[in-house]
Each structure stands twice: as C-alpha cells, then as structure tokens.
Amino acid sequence: VELGQVLAGNQGKNCIACHRVAGQDGPAIQGMDLAIQYERMKPDWFLEWLESPAVHRPGTRMPTFWPLSDRTSQADREALWAWTALGAAMPLPEGLVVDADAYDLEPGQRPLLHGCSLSGLSARCLAVGTPKRTHYAYDLEHLQLRWLWRGAFLNVEGTWRGRNLVELSPAGMDHVVLDSAFPFQLPGAPKAEPHLLGWRLDSDGWPLFRIQLGDVEIQDTMRPRWTAGGSAFVRTLRVIGGAVNVNLPAGDGVRLTPALPFLLQDGDSQEVVYQW
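Residues numbered from 1 in each chain as written. Predicted model: local features only at pLDDT ≥ 70, side-chain atom pairs only at ≥ 80, totals over all residues. Heavy atoms only, no water.

Trainee: Describe the packing of helix H3 (residues 43–51) against helix H5 (residues 71–84), and please don't skip the residues or the numbers.
Mentor: Close contact between H3 and H5 brings their axes to 10 Å; oriented N to C, the two are set at 130°. Judged by the inter-axis angle, H3 sits oblique to H5. Viewed along their axes, H3 and H5 form a crossing whose handedness is right-handed. Residues Pro43, Phe46, Leu47, Glu48, Leu50 and Glu51 of H3 pack against Gln74, Arg77, Glu78, Leu80, Trp81 and Thr84 of H5. (Axes fitted to C-alpha atoms, helices over the stretch in contact; angles between N-to-C directions. Helix = DSSP H or I, 4+ residues; strand = E, 2+ residues; numbered from the N terminus. Parallel < 35°, antiparallel > 145°, perpendicular 65-115°, else oblique. Left-handed = near helix turned anticlockwise from the far one by under 90°. Contact = heavy atoms within 4.5 Å.)

Pasting the structure below:
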C-alpha cells in the first residue's frame, strides 16, 4: 500500500497529474478517480492495462510506465492495485491538490483529535482522524464508541466559527452509527456508575481512554488496519483491578470479531476487529 501511494504521487509515476483521487483534483487533466477503480475492474485486467495501455486502447493518453514485464514491474503494478483497493480509506499521494476551505480538517502523519458536539450524540465528543483515512468518534458523555467512517475527516466550521454550538457530521463516507449501550459490567456485582478518568496519548499520538467502573480501570484504544478492499478498526481493551464482562454493541452492517460477549480477567487484554 505504501509503495502504491508513493507511485501515485509526484515522487513516483505521478498518476495524480491526470487522475482524481478520492474526490480530490490533481494539478492538471482530471481522468477517472483512482479511488473507485477497485470496484470497477478485475485485478488481472488492471495489471494488464498498466503494463500496456496502448494495446487495450490505441491513442490513449495513458503512458506506458512499465515497458518491461519483469519482477520490478509486476511488484509496482500490484502495489498500485493494493493501494486502490482501499477506496475511501486510501492515503492521499504526495503532490495532490486538496481543494478544501479553512475549516476542513485532514489528518497528516499523526492522528488528529477534535473535541466537538456531534449530531445525534452529545456535546462532549472526541472525533479522531487517522492517517489511514479511517476515523472514529467517542462519546465522552456516555463513554461509548459511536461512529466509524472513511475518507474525509471533518468540516469544523460549526465548532470554530461563531459562538453557537453546532452539531457536526462526518465529511467522508461509509459512515456507520454504533448502537448506544455502555458495554462493560462488573460480574456478580451491583450496577456500578462509570467515570471517565481521562485519556492519554502514546508517542505516536494515539489516544487511550481510561474508564473507572467500581474498583476496575478499563483501558480502551482504537487503531485502523488496512484490509483487502478497504479498512477496519482494531479495538484493544484491557482491564486492571478486577474482572469485567464485555458486550460491545454493533450497528447496521458492522461485524465484530471475536464473537461477543466475553469476560476479561484482571490484567487481561483483548482485540476486537470492527468491519463494515
């Protein structure tokens, strides 16, 4: 994927000179958007087209970048296919002209955190944009993971302009809303009231949320992962000070692995993969 991203940019084969990428314009001629090619083409045809475009379409403007059918050529073309397979989650190539106004946030090399009011949730939310263009929102009022989406992150005009609190919505696509339910419970104990202890950032800028439930601390963090045809989130849960029953809510079209519910003992951690 990373090689494909480089090849598409102005330090590689400069595909962006003639193609849009995920709705963003390149600097010149605007050919077909590279973010939708995975859904349109079969992989063998895609690789053949890159190898000899003039054979398939005489007179095309598409250059022949790989005149030799060798191992390097094959690896480059397969890297571009892997990159296009991410669709809206594809990392933008270097040199792309992102046509956005001053209120559009786009993560760079590190996660981008924005505290805001989100539509249908609460006024105390944290939206987390990631370099893999796969984002999530955590409702700090109710201590729940609630939104997942891909592509563009947020337009924050409603937060930064004027004095009125405006609820924001995702700027991208593939937006799913997870069911509203607090997912943690102490086994064999009266219902305890959860409290947010706060969050801390690791050295790469990823937030780890800390929730107190009775005498137990629950640590909750999310990382995106590229998958064939898109992206997923890996949620890592860890408990300290006792056992916790975990039953994470899903949403329409969301699949969680492994199957729920499960029990986490003191000191245990568990990864849960979100796919949609």
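From this point, the narrative continues.
Trainee: Give a description of the sheet that holds strand E4 (residues 134–139) that names residues and reports values.
Mentor: Here we have five strands laid out as an open sheet, ordered E2-E3-E4-E5-E7, and antiparallel in their pairing. Because the sheet does not close on itself, it has two edges, and the strands there are strand E2 (112–116) and strand E7 (173–177). The sheet shows a mean angle of 20° between the axes of neighbouring strands, direction not considered. As paired strands, E2 and strand E3 (residues 125–129) are joined by five bridges and run antiparallel to one another. Note on E3: the bridge partner recorded for Gly115 is Leu126. (Pairing = 2+ DSSP bridges.)

Trainee: Could you give me a rundown of the sheet that holds strand E13 (residues 244–246), with the residues and numbers involved?
Mentor: Within a sheet, neighbouring strands are paired by backbone hydrogen bonds and run either parallel or antiparallel to one another. Strand order in this open sheet of three strands is E8-E13-E15, and the pairing throughout is antiparallel. The open sheet terminates on both sides in strands that have one partner only, identified here as strand E8 (184–185) and strand E15 (262–264). Bridging between E13 and E15 involves three bridges; their strand directions are antiparallel. By the bridge assignment, Val246 is partnered in E15 with Phe262.

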